[in-house]
Amino acid sequence: MIDLTKANHHLWKEIMEEDAGDIRRCFNCGTCVSGCPAAEAETPLMIRRLVRMVLLGLEEKLLEDGTPWMCVTCTACEEMCPMGVKPFEVGLAIRRWQTRKDETYIPLSTTEVFQTGHTQPVEKVGELRRSLGLPEIPPTIAKFTELLKKFQAMLRETEIVKNNDYMFKE
Ligand code: SF4
Ligand code: SF4
């Protein structure tokens, strides 16, 4: 059960410091999720739920939530929202807020990029791709193991991987 007496009722102002529409207009219709490709990800992004969490002031839960980083920045949600809420901008604002709150924060998608070359592991949708007449694995780095190894070697030179190597396993 969520205890709203402990909620930060100013969270929405803190997060939405830049122009990202007025999230108070969100009436939780879910249209933004219906066309969101990241809603089908292994760790699904439910942008409607994130908007709700901001509005309810669920600070601790939002800080732990890695799903804003699953967004593939297609902006479909912004075109679909009937209330002009700009859910995509909300997701970006949450990311910035998370990293401001915790400088050591390493998003889930960072480790996935390291392991697979993609923010969303493409091999997980092999069956869907096959049903659409597409090759199971797309002709990206996911298909070429040697290139992925070179990519990982390059990332190992970055501070984020060097300082947190326990999180970046091949
Ligand atoms: S911009 Fe992000 S949140 Fe919006 S529909 Fe695209 S993937 Fe989903
Ligand atoms: S489409 Fe707009 S109004 Fe509907 S849930 Fe998403 S953000 Fe809220």
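Keep in mind that this is a model prediction, so the values were computed, not measured.

## Considerations on the site of ligand 2
- Surrounding ligand 2, one finds 14 residues, the nearest of these being Cys-26, Cys-29, Thr-31, Cys-32 and Cys-81.
- Only α2 (31–34) and α3 (47–56) provide two or more residues apiece to the shell around ligand 2.
- Its residues assigned to classes, the shell around ligand 2 comprises 10 nonpolar, three polar and one charged.

## Digging into the environment of Ile-106
- Mapped onto the elements of the fold, Ile-106 is located in the loop between α6 (87–101) and α7 (108–116).
- Sequence spacing of Ile-106 and Ile-160 is 54 residues, and the spatial spacing of their C-alpha atoms is 8.3 Å.
- Contacts of Ile-106, omitting those with residues within four sequence positions, involve Ile-160, Asn-164 and Met-167.

## A word on the domain arrangement of the protein chain
- Along its sequence, the protein chain is organised into domain 1 (4–101) and domain 2 (108–167).
- With centres defined by C-alpha atoms, the gap from domain 1 to domain 2 works out at 25 Å.
- A per-class count over the side of domain 1 that touches domain 2 returns five nonpolar, two polar and one charged.

## As for the nonpolar core
- Ranked by internal contacts, the top residues of the largest apolar core, which has 27 residues, are Val-51, Val-54 and Ile-94.
- Elements with a contribution of two residues or more to this core: α3 and α6.
- In this view, Val-51 contacts Ile-23, Cys-26, Val-85, Pro-87 and Val-90; residues no more than four positions away in its chain are not counted.

## Some points on the site of ligand 1
- Looking at ligand 1, there are 15 residues lining it, with Cys-36, Cys-71, Cys-74, Cys-77 and Phe-88 nearest.
- Mapped by element, the contributors of at least two residues to the shell around ligand 1 are α5 (76–80) and α6.
- A per-element tally of the shell around ligand 1 places α6 first, with three residues.
- The residue inventory of the shell around ligand 1, partitioned by class, reads 12 nonpolar, three polar and no charged.

## Some remarks on unusual backbone geometry
- Even without being glycine, Thr-75 reaches a positive phi, approximately 65°.
- The partly exposed category is assigned to Thr-75, around which 13 C-beta atoms lie within 10 Å.

## Some words on α7
- For α7, the complete set of buried residues consists of Ser-109, Glu-112, Val-113 and Phe-114.
- The secondary structure elements touched by the buried residues of α7 are α9 (145–155) and α10 (159–162).
- Backbone geometry just downstream of α7 places Gly-117 in the positive-phi region, at approximately 85°.

## Re the packing of α3 against α6
- Closest axis-to-axis distance for the α3/α6 pair is 10 Å, and the angle between their directions is 60°. Between α3 and α6, the crossing angle belongs to the class labelled oblique. At the point where α3 passes α6, the crossing takes the left-handed sense. Touching Ile-47, Leu-50, Val-51 and Val-54 of α3 are Pro-87, Val-90, Gly-91 and Ile-94, all from α6.
- Along the lines of polarity and charge, the residues of the contact of α3 with α6 split into seven nonpolar, one polar and no charged.

## Points about the environment of Arg-95
- Within the secondary structure layout, Arg-95 lies in helix α6.
- With 17 C-beta atoms packed within 10 Å, Arg-95 lands in the partly exposed category.
- Separated by 47 residues in the primary sequence, Arg-95 and Ala-142 place their C-alpha atoms 26 Å from one another.
- Apart from the residues lying within four places of it in its own chain, the contact partners of Arg-95 are Pro-68 and Trp-69.

Criteria and cut-off values
Numbers given for residues are sequential positions, taken from 1 along each chain in its written order. Here the convention is simple: chains get letters from A, ligands get numbers from 1, in the order in which they are written. Local features are withheld for residues below a pLDDT of 70 in this predicted model, meaning they are given only at 70 or higher, and side-chain atom pairs are given and counted only at 80 or more; totals for whole chains, interfaces and linings count all residues. Here is the check we use: build the C-beta atom from the backbone, and if it is within 6 Å of the molecule or strand, call the residue near. Every helix listed is a DSSP run of H or I at least four residues long, and every strand listed is a run of E at least two residues long, numbered separately from the N terminus. Each residue is assigned to one class: nonpolar for Ala, Val, Leu, Ile, Met, Phe, Trp, Tyr, Cys and Pro, charged for Asp, Glu, Lys and Arg, and polar for all the others, Gly among them. Remark: residues whose backbone-derived C-beta atoms lie within 7 Å of one another are considered to be in contact. Where each domain begins and ends follows an automated or database-derived domain assignment. We define the nonpolar core as any set of buried residues of the types Ala, Val, Leu, Ile, Met, Phe, Trp, Tyr and Cys, connected via C-beta atoms lying within 7 Å of each other. Whether a residue is buried, exposed or partly exposed follows from its count of other C-beta atoms within 10 Å of its own C-beta, namely 20 or more, 12 or fewer, or something in between, respectively; the C-beta atoms are built from the backbone. For helices, the axis comes from a line fit to the C-alpha atoms of the stretch in contact; other axes are also lines fit to C-alpha atoms, and the angle between any two N-to-C directions lies between 0 and 180 degrees. Between 65 and 115 degrees an angle is taken as roughly perpendicular, under 35 as roughly parallel, over 145 as roughly antiparallel, and anywhere else as oblique. If you view the pair so one helix is near and one far, a crossing is left-handed when the near helix is turned anticlockwise from the far one by less than a right angle, and right-handed when it is turned clockwise.

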